[in-house]
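# Breakdown of the fold
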Amino acid sequence: METATHYLAVFFSGNPSNLEGMDLKYVQRIEKQFLLYAYWIGLGILSSVGLGTGLHTFLLYLGPHIASVTLAAYECNSVNFPEPPYPDQIICPDEEGTEGTISLWSIISKVRIEACMWGIGTAIGELPPYFMARAARLSGAEPDDDEYQEFEEMLEHAETAQDFASRAKLAIQNLVQKVGFFGILACASIPNPLFDLAGITCGHFLVPFWTFFGATLIGKAIIKMHIQKIFVIITFSKHIVEQMVAFIGAVPGVGPSLQKPFQEYLEAQRQKLHHKSEMGTPQGENWLSWVFEKLVVVMVCYFILSIVNSMAQSYAKRMQQRLNSEEKTK
């Protein structure tokens, strides 16, 4: 117990210079794991936090990571990738397994930590709507939030709602309000773009914090995360990828031209996995990598602009309300 406390004290002090040998390795390993967990939790928060729009970090980071591990596992016939460089880079171990030994469960186990940390982050990112609605209900004040105002309007016109979107929102609100923990769990366990409404509903009706957060955490970090993992792993399994590349090549006219860069990219990844990157980088890899990198940059820029735009709209709305109140008092 004293040894563990000593390691933690050195780690948080940021001064491991008084450690040598094995002690220093343990501290560095703890620091690396801590930063890895913080990285995936942070990406999860960015994916669900309500600031105008969420950055789709599953599509940009976690999904590609799971896909890379899946492709590497089938190519190497093993998930025992050398650490380091894993998870920064994936290469096959010196002793590869026999073909056919990779199972769905082994890949799920390999990416479980990253996926669960990301899921925990998405659950944390759902807390702002809950706390906002709860504070508004307790204080009686109306917050400057479009989603909360839309929620109140929905409650006022619940009986006259006709369109599909309004009825879907009402169904979620009724499920969460009447079923409680298991209703929240059901909403959190499936891809649900309306889950912010569940958080606002729980806050508005003063659902206990641990009921809301516990159900959200279980649903997002365990149930939903495993559904998403299984989908990506099956999609990028060896035979499915080969079928997709063959299907691209079968497109009349442009098929062979589109198929070539994908084949070159997959071949380049195989060479990297088997420590053959010195053979050169095919042009197809440069093209596909360039497109994906630019996509990431565009998505991040759009996320930042959406935050700035949301803050500017809120500020303009507050200023307009202040001017209106001043005119009324004159």
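Residues numbered from 1 in each chain as written. Predicted model: local features only at pLDDT ≥ 70, side-chain atom pairs only at ≥ 80, totals over all residues. Heavy atoms only, no water.

Per an unreviewed UniProt entry, the recorded name for the chain is Vacuole membrane protein 1 isoform X3, and the organism is Odobenus rosmarus divergens.

### Regarding the environment of Phe-131
Examined against the element boundaries, Phe-131 turns out to sit in helix α6 (residues 127-139). For the pair Phe-131 and Gly-199, spaced 68 residues apart in the sequence, the C-alpha separation amounts to 8.3 Å. (Helix = DSSP H or I, 4+ residues; strand = E, 2+ residues; numbered from the N terminus.)

### Some remarks on the UniProt feature "transmembrane region" (unreviewed entry) in the chain
UniProt records the feature "transmembrane region" (unreviewed entry) for residues 37-62, 197-218, 230-251 and 287-312 in the present numbering. For residues 197-218, the helix share is 82%, the strand share is 0%, and the end-to-end C-alpha distance is 18 Å. For the annotated span residues 230-251, helix accounts for 82% and strand for 0% of the residues, and the straight-line distance between the end C-alpha atoms is 28 Å. (UniProt positions renumbered as here; feature names shortened; annotations may be inferred.)

### Description of the pattern of salt bridges
Under the criterion given, the structure shown has 1 salt bridge. One salt bridge connects Lys-220 with Glu-126, and the closest N-O pair in it is separated by 3.7 Å. Placement of the pair is Lys-220 in helix α11 (residues 209-235) and Glu-126 in the loop between α5 (112-125) and α6, with a sequence separation of 94 residues. (Salt bridge = Lys/Arg side-chain N within 4 Å of Asp/Glu carboxyl O.)

### Regarding the nonpolar core
Judged by nonpolar contacts, the single largest core of 27 residues is most densely connected at Trp-40, Leu-62, Val-69, Phe-81, Ile-90 and Trp-118. No other element matches helix α3 (residues 57-76), which puts 8 residues into this core. Other than its neighbours up to four places away in sequence, Trp-40 contacts Tyr-61, Leu-62, His-65, Glu-114, Met-117 and Trp-118. Counting residues in hydrophobic clusters, the runner-up holds 15 residues, among them Tyr-130, Ala-188, Phe-195 and Phe-213. (Core = buried A, V, L, I, M, F, W, Y, C linked by side-chain atoms within 4.5 Å. Buried < 20%, exposed > 50% of the residue type's maximum accessible area, 1.4 Å probe, protein only. Contact = heavy atoms within 4.5 Å.)

### Here's the deal with a nonpolar patch on the surface
A cluster of nonpolar side chains, namely Ile-218, Ile-222, Ile-223 and Ile-227, defines an oily patch on the protein surface of about 310 Å² accessible area. Mapped onto the secondary structure, Ile-222 falls in helix α11. We classify Ile-222 as partly exposed; its relative accessible area is 45%. (Patch = residues over 30% accessible without salt bridge, like charges linked within 9 Å, V, L, I, M, F, W, Y side chains within 5 Å. Areas by Shrake-Rupley, 256 points an atom, 1.4 Å probe, with all protein chains shown as cover.)

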